[in-house]
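# Inside the fold
The residues making up each chain are set out below.
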Amino acid sequence: MTIDKMKQTSFNRATLDQWEQVALKSLKGKTLESLSTRTLEDIILKPLYSLEDMENIPESQTAIVRDAKKSSGWLIAQVVEGSSSKEILEEIKESLTKGNDVVHFKIEKEHNWQTDEKDELAELLKKHTAILDVTNDPAFLTYFSDLKGLVKGVEDVELLNARTYFINGSTIHQEGGDAISELASVLVQADKFAKNSGIEKLVSNAFVQFSIENNFFMEIAKIRAFRILWQAFGQAYGKSNIAAIPVHTETSLRSYSVLDANVNILRSGNSALAAVLGGADSLTTYPHDYLTGATPTSNRIARNMQLVLKEETHTQRIVDAAGGSYYVDTLTNELVEKTWAYFLTLMKEATVENREAILLERAEVKWNEQLAQLSTRKKSLIGTNTYANPDDILGVSIKQTDYKRLAEPFERLRKSFQDNPLNTAIIPFGILKEYKARMDFVNGYLIALGISPIVAPENLKPFDLQKWINEKNINYVVFVGNDEQTAGLVPAILNENLSVPMDVAGKFEEYEDWLDAGLYGSIYAGQSLLKKGQQLLALAKKEDSNDNA
């Protein structure tokens with residue numbers, strides 16, 4: 001076909017009904033509803049969004065989001081940490097020469113800044129924006145009254161060029177909250193400032209921070225939803241066109257894991273791109289090895305992550321690059337509506353303390369939901385609950401942060417099995433191709449707990465199996481076979497009274513009868529990793545009273 005003919009070729013417009021018919025055919029009996037998923041925020045995500053989904057979205061939504069950004073770019077705000085003022089100052093100077101835009105660090109009383117160091121820092125602050133946390137030493141600011149940027153920890157201090165009303169959306173996130181909880185928390189805090197100081201002072205003096213998780217589209221929508229909720233908040237206080245406030249973001253540590261820590265690079269990169277596309281004004285990306293001690297190399301990778309986004313993706317050239325996506329716009333609108341309704345419910349409470357207590361209760365519920373999904377492997381944390389590396393060794397020192405981390409329970413189990421090894425074997429029966437999938441599942445399941453099983457020769461007779469167990473000093477075994485082999489052989493093996501506890505791979509109607517005959521338990525898809533891990537840990541510590549043990 002020639003180029004001219006290609007240019008003249010047209011295609012019939014596809015309708016949603018046509019798509020549904022094709023989708024139903026490929027689903028082979030399942031419904032379209034089976035393709036929908038429920039988020040942590042109780043929002044139903046559809047498999048396909050179209051122009052029809054935009055009908056109930058206010059026309060002003062996109063304009064509000066875009067007007068809130070003064071420019072299409074963002075500030076790279078890598079945080080500097082050091083054990084002394086000298087270290088911090090050196091790191092600040094180095095990072096500013098290698099792509100960092102912001103002087104970003106936390107003041108500690110023990111740093112003991114000398115006069116010459118303060119003078120040098122003052123010169124840097126004349127040229128660069130600052131994000132300072134002076135909670136531990138507010139008096140530090142007396143030397144830098146003309147700094148420009150964002151300051152945490154001094155709400156009662158007025159600075160000519162800096163904002164000091166810190167609205168913290170990260171707190172609820174750190175406790176496990178969902179996007180609605182975070183956004184509602186921000187509005188509750190803003191209301192407190194507005195009542196205490198007035199709406200005008202709030203607008204001129206406030207800034208907000210969000211932690212950005214790797215739930216990509218939800219995090220994009222979260223920042224965009226805040227811009228719209230901020231306008232609604234202003235209207236509630238009589239300001240029909242309230243000025244936007246700066247949005248600072250940091251990549252969340254909630255999904256960071258010490259296990260297979262290199263995966264944290266992907267998590268942080270995903271979160272960073274979501275923050276940028278959502279419209280953040282500044283962004284901090286944490287190094288992938290932050291939990292065990294960042295190195296100059298990992299700090300450079302974290303900083304370069306943003307430089308690559310700027311130089312290679314050209315996202316800094318576009319305001320609201322996500323706008324116009326039926327999916328993102330719909331998700332943004334749903335977050336706005338659900339958050340505002342929840343905020344109004346919270347405001348019925350008499351005190352700020354009551355509102356915050358309710359937010360924390362919701363965060364606890366959402367946290368437990370996330371842990372349950374990870375424990376049953378309905379959600380994946382690569383390198384931790386799935387595709388775990390058996391060679392990962394956990395050290396004794398893990399940095400404590402303000403974040404509840406989803407990987408922590410799994411890390412504790414892995415460390416416990418390091419200290420209390422459970423010599424485990426998979427005993428296969430049947431033909432390899434019939435049991436391999438089940439065996440691979442059991443192997444991956446146990447490795448995620450910190451147990452590296454060995455595989456026995458297949459189809460061992462009971463006497464030979466017991467002999468092999470003794471030779472290899474095995475403490476616990478898992479029977480693996482197809483359904484027919486399992487149903488036929490498990491009772492026979494139980495009758496032989498093996499010297500070690502035995503689990504069976506899979507779910508079977510005869511399970512209760514097998515338990516009565518001495519079966520230890522089972523391993524199957526959808527089972528809680530954490531509960532099974534605790535059961536096996538008790539076995540490793542010889543705390544279990546199972547008859548076969």
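Above this text sits the structure in question.
Quick look at the structure, then. Numbers given to residues run from 1 along each chain, matching the order in which its sequence is written. Predicted model: local features are reported for residues with pLDDT of at least 70 only, side-chain atom pairs are reported and counted for 80 or more only, and whole-chain, interface and lining totals are derived from all residues. Processing note: side-chain calculations cover all non-hydrogen atoms of the structure and skip hydrogens and water entirely.

### Details of the overall build of the protein chain
- Check the secondary structure of the protein chain and you find 19 helices and 16 strands.
- Summarising its shape, the C-alpha atoms of the protein chain cover approximately 85 × 70 × 60 Å along the three principal directions.
- Between buried and exposed lies partly exposed: a residue is buried under 20% and exposed over 50% of the maximum accessible area for its type, with that area taken using a 1.4 Å probe on protein chains only. Here the protein chain holds 549 residues, and 50% of them are scored as buried.
- Here, Shrake-Rupley sampling with a 1.4 Å probe gives the accessible areas, and only protein chains in the shown set may cover a residue. Carbon together with sulfur atoms contributes 50% to the accessible area of the protein chain, which is approximately 26700 Å² in total.
- Only four residue types enter the tally: Lys and Arg on the positive side, Asp and Glu on the negative side, with His and both chain ends excluded. Note on charges: their place is set at NZ of Lys, CZ of Arg, CG of Asp or CD of Glu. Considering the protein chain, the positive charge centre built from 60 side chains and the negative charge centre built from 76 side chains are found 3 Å apart. Numbering of helices and strands runs from the N terminus; a helix is a DSSP stretch of H or I covering at least four residues, while a strand is a stretch of E covering at least two.

### Focus: the sheet that holds strand 6 (residues 149-152)
- Pairing between strands is defined by DSSP: at least two bridges between the two strands are required. An order of 4-5-6-7 is seen for the four strands of this open sheet, with the pairing classed as parallel. Edge strands, defined here as strands with exactly one partner in the open sheet, are strand 4 (102-106) and strand 7 (162-163).
- Where strand 6 and strand 7 come together, two bridges link them in parallel fashion. Across the sheet, the residue bridging to Gly-149 is Ala-162, located in strand 7.

### Section: the environment of Asp-402
- Its place among the elements puts Asp-402 in the loop between helix 13 (352-375) and helix 14 (408-419).
- Through-space distance from the C-alpha of Asp-402 to that of Gln-174 is 6.4 Å; in sequence the pair is 228 residues apart.

### Considerations on unusual backbone geometry
- The phi dihedral of Asp-42 is positive, around 65°, even though this residue is not glycine.
- Considering the arrangement of structural elements, one finds Asp-42 in the loop between strand 1 (37-38) and strand 2 (44-45).
- Classification of Asp-42 as partly exposed rests on a relative accessible area of 39%.
- At Asn-473, a residue that is not glycine, the phi angle is positive and equals roughly 55°.
- Structurally, Asn-473 is set in the loop between helix 16 (462-472) and strand 14 (476-480).

### As for the side chain of Arg-163
- When you line up the elements, Arg-163 lands in strand 7.
- Salt-bridge detection follows one rule: a side-chain nitrogen of Lys or Arg within 4 Å of a carboxyl oxygen of Asp or Glu. As a buried residue without a salt bridge, Arg-163 has its nearest oppositely charged side chain in Asp-281, at a separation of 8.8 Å.
- Pairs of residues are marked as contacts when any of their non-hydrogen atoms sit within 4.5 Å. With near-sequence residues (within four places) excluded, Arg-163 lies in contact with Gly-149, Leu-150, Val-151, Val-203, Ser-204, Asn-205, Ala-206, Phe-207, Ile-245 and Pro-246.

### Thoughts on the pairing of strand 15 (residues 502-505)
- Because side chains alternate across strand 15, one face comprises the buried residues Met-502 and Val-504, and the other comprises Asp-503 and Ala-505, equally buried.
- Note: strand 14 against strand 15, three bridges, orientation parallel. Paired with Val-477 across the bridge in strand 15 is Met-502.
- With helix 17 (residues 483-495) bridging strand 14 and the parallel strand 15, this β-α-β connection has right-handed handedness. Handedness is read with the strands pointing away from the viewer; a crossover is right-handed when the path from the first strand over the helix to the second is clockwise.

### Re the packing of aromatic side chains
- Side-chain rings of Phe, Tyr and Trp (the six-membered ring for Trp) are treated as a pair once their centres are within 6.5 Å; stacked means planes under 30 degrees apart, edge-to-face means over 60, and tilted covers the remaining angles. Under the defined criterion, the tally for this structure stands at 19 aromatic pairs.
- Judged by centre distance (5.0 Å) and plane angle (10°), the rings of Phe-429 and Phe-479 are stacked. With a gap of 50 residues between them, Phe-429 in the loop between strand 12 (424-428) and helix 15 (432-449) and Phe-479 in strand 14 connect regions that are remote in the sequence.
- Note on Phe-429: relative accessible area 7%, which makes it buried.

### What to know about the pattern of salt bridges
- Here the structure, examined in full by the defined rule, presents 30 salt bridges.
- One salt bridge in this structure joins Arg-66 and Asp-320, with 3.1 Å as the shortest N-O distance. Linking Arg-66 in helix 3 (residues 60-67) with Asp-320 in the loop between helix 11 (296-312) and helix 12 (326-346), this pair joins segments that are 254 residues apart in sequence.
- Salt bridges sharing partners connect three or more residues here, namely Arg-38, Asp-42, Lys-366 and Glu-369.

### A look at the packing of helix 9 (residues 216-236) against helix 10 (residues 263-278)
- Remark: helix 9 packs on helix 10, axes separated minimally by 8 Å, with the N-to-C direction vectors making an angle of 35°. For the pair helix 9 and helix 10, the crossing hand works out as right-handed. Contacts between helix 9 and helix 10 involve Phe-216, Glu-219, Ile-220, Ile-223 and Arg-224 on the former and, on the latter, Asn-270, Leu-273, Ala-274, Ala-275, Leu-277 and Gly-278. Here an axis means a line fitted to C-alpha atoms, over the contact stretch when the element is a helix, while the angle between two N-to-C directions is reported on a 0 to 180 degree scale. Rotating anticlockwise by less than a right angle from the far helix to the near helix defines a left-handed crossing, while the corresponding clockwise rotation defines a right-handed one.

### Some details on helix 11
- In a helix, the anticipated span is given by 1.5 Å times the number of residues less one. Counted at 1.5 Å a residue, the expected span for helix 11 with its 17 residues is 24 Å, and the 23 Å between its end C-alpha atoms agrees.
- All of the buried residues in helix 11 are Ser-298, Ala-302, Arg-303, Met-305, Gln-306, Leu-309 and Lys-310.
- After helix 11 finishes, the residue His-314 shows a positive phi value of roughly 60°.

### So, a negative patch on the surface
- Candidate patch residues must exceed 30% relative accessible area and have no salt bridge, after which like charges are joined if within 9 Å and Val, Leu, Ile, Met, Phe, Trp or Tyr side chains if within 5 Å. On the surface, Glu-509, Glu-510, Glu-512, Asp-513 and Asp-516 cluster together to form a negatively charged patch.
- Of note, Glu-510 is situated in the loop between strand 15 and helix 18 (511-516).
- Take Glu-510: its relative accessible area is 31%, and that puts it in the partly exposed class.

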